[in-house]
Amino acid sequence: MSAYRISFNFRFSIPGDKFCIIDRIQKLRSPVLLIHGTNDEVSQPNCDISDGISKSAQVVPFWHACELYHRVPSEFRYKPFWVRDAGHNNLEMKCMKDGSFFRTLREFILYCA
């Protein structure tokens, strides 16, 4: 995740970004599984301070995950797991009934073994 890309909706990197994964992911030489909710870019509801979550919780837009996926070298791209209607913090809950979250993780681990 790039802090500046997300915060300012930039489609380019700028100096000083400590988490500019999108520029580094091309150098990976191992399988990559991306898991992301399709509704992550939708603003999350404000949370009560007592729950330990900041009122200005940042989310990672779905477009950023798509850009990351296309930057992974093709020989290391594992099929992405886009969780329909999931936000940033509810991926597992959206997949609870059908078990797809943990099944996808298991399949990826076996693929890598």
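Residues numbered from 1 in each chain as written. Predicted model: local features only at pLDDT ≥ 70, side-chain atom pairs only at ≥ 80, totals over all residues. Heavy atoms only, no water.

## Details of the side chain of Thr104
Consideration 1: Note on placement: Thr104 falls in helix H5 (residues 100-112).
Consideration 2: We classify Thr104 as buried; its relative accessible area is 11%.
Consideration 3: Not counting residues up to four positions away in its chain, the partners in contact with Thr104 are Leu33 and Phe81. (Helix = DSSP H or I, 4+ residues; strand = E, 2+ residues; numbered from the N terminus. Buried < 20%, exposed > 50% of the residue type's maximum accessible area, 1.4 Å probe, protein only. Contact = heavy atoms within 4.5 Å.)

## Some details on the environment of Leu33
Consideration 1: Here Leu33 is to be found in the loop between helix H2 (21-24) and strand E1 (35-37).
Consideration 2: Here Leu33 falls in the buried class, since its relative accessible area comes to 16%.
Consideration 3: C-alpha separation for the pair Leu33 and Thr104, spaced 71 residues apart in sequence, amounts to 9.2 Å.

## Notes on the confidence of the model for the protein chain
Consideration 1: Averaged over every residue, the pLDDT of the protein chain is 79; the share at 70 or more is 73%.
Consideration 2: Confidence scores differ between elements of the protein chain, with helix H1 (residues 3-8) showing the lowest mean pLDDT of 64 and H5 the highest of 96.
Consideration 3: Contacts from residues 44-57, a stretch scored under 50 in pLDDT, to residues over four places away or in other chains number nine contacts. (pLDDT = per-residue confidence, 0-100.)

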